[in-house]
Amino acid sequence: MNVKIIPFQQHGDSRGQLIAIEEKINVPFEFKRVYFMYETKKNVRRGLHAHKKLKQILFCVHGSCKVHLDDGMEQREVLLDKPYYGLLIEGLVWREMYDFSEDAVLMVIASDFYDESDYIRDYNEFLKEVSVKNAKEK
Ligand code: TYD
C-alpha cells in the first residue's frame, strides 16, 4: 500500500518540543495547503474518500485518532497518537478517520489546493478506479 509512517525529528530541549515540516526536505512533495480538524464529535468518521492525484501527510498534533486505509487490495488501521508521526498517503487510497479523542487536532499537509474534482467519494467508484489502474499497469 502506498502509505508510510514517517517519524519526524523532534527538536527537544529543556523548554519542550518542536517539529519542523519542510517541503522536499522531510516532506517528500511540494505542498500548497495545510488544514486541520478539531472538536470532532464522538463516533464520527471523517474522510470516506480517496484522491486521484493529491498527496498528503496527516499528523495528529494533539490527542489521537485512527485512520482506516484501503487500496482496494489491502486494508490497514493506523493509530496516530504522537505529534511527531506523519502518515504519508500517496496514490489511490481510500481513507477514513475515526476514534478521535476529544482533544484531537488532525493536521493535514496537502500537495495541492482544495479541488473537489480530485475526490472519489463513492467506494464502488474507487474500486473501479483501482481496477482501471491495475489493468493499465499490467
Ligand atoms: P470534507 O471534505 O467533508 O472533509 P473530510 O472528507 O476530510 O471529512 O470537508 C468539509 C468541508 O470543508 C467541505 O464543505 C469542504 C470544505 N473544505 C475546504 O473548503 N477546504 C479544504 O481544504 C477541505 C479539506 C475542506
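An account of the accompanying structure is given in this report. (Residues numbered from 1 in each chain as written. Predicted model: local features only at pLDDT ≥ 70, side-chain atom pairs only at ≥ 80, totals over all residues. Heavy atoms only, no water.)

### Examining the nonpolar core
In terms of nonpolar packing, the biggest core is built from 17 residues, with L58, L69, L80, L87 and L106 touching the most fellow members. Going through the elements one at a time, strand 4 (56-62), strand 5 (65-70), strand 6 (75-80), strand 7 (85-89) and strand 9 (105-110) are the ones with two or more residues in this core. If one sorts the elements of this core by residue count, strand 5 sits on top with three residues. Discounting chain neighbours no more than four positions away, the residues touching L69 are M1, V3, E74, Q75, R76, V78, L87, I89, V93, W94 and R95. By size, the runner-up hydrophobic cluster in this structure holds nine residues, among which are I57, F59, M107 and I109. (Core = buried A, V, L, I, M, F, W, Y, C linked by side-chain atoms within 4.5 Å. Buried < 20%, exposed > 50% of the residue type's maximum accessible area, 1.4 Å probe, protein only. Helix = DSSP H or I, 4+ residues; strand = E, 2+ residues; numbered from the N terminus. Contact = heavy atoms within 4.5 Å.)

### Topic: the site of the ligand
As a matter of local geometry, the ligand sits amid R33, Y35, M37, R46, G47, H49, Y114, Y119 and R121. Taking R33, its side chain carries an N or O atom lying 2.4 Å from an oxygen atom of the ligand. For the ligand, an oxygen atom lies 3.3 Å from a polar atom in the side chain of H49. Protein contacts shield 59% of the accessible area of the ligand, which totals 530 Å² for the unbound molecule. (Near = heavy atom within 4 Å. Polar contact = N/O pair within 3.5 Å; in protein donor to acceptor, adjacent residues only side chain to side chain. Areas by Shrake-Rupley, 256 points an atom, 1.4 Å probe, with all protein chains shown as cover.)

### Let's talk about the packing of aromatic side chains
Within this structure, the stated rule accounts for seven aromatic pairs. Ring centres of W94 and F126 lie 5.7 Å apart, and the angle between their planes is 45°; this geometry places the pair in the tilted category. Highlighted residues: W94 in strand 8 (residues 94-98) and F126 in helix 1 (residues 123-137), separated in sequence by 32 residues. Here W94 and F126 have matching classes, each one buried. Ring geometry for Y114 versus Y119: centroids 5.7 Å apart, planes at 65°, classification edge-to-face. (Phe/Tyr/Trp six-rings, centres within 6.5 Å; stacked < 30°, edge-to-face > 60°.)

### Points about unusual backbone geometry
The backbone of E39 sits at a positive phi, close to 55°, despite the residue not being glycine. With respect to the secondary-structure elements, E39 resides in the loop between strand 2 (33-37) and strand 3 (46-51). With a relative accessible area of 60%, E39 lands in the exposed category. The phi dihedral of L48 is positive, around 55°, even though this residue is not glycine. Structurally, L48 is set in strand 3. Among the residues examined, L48 registers a relative accessible area of 34% and is labelled partly exposed.

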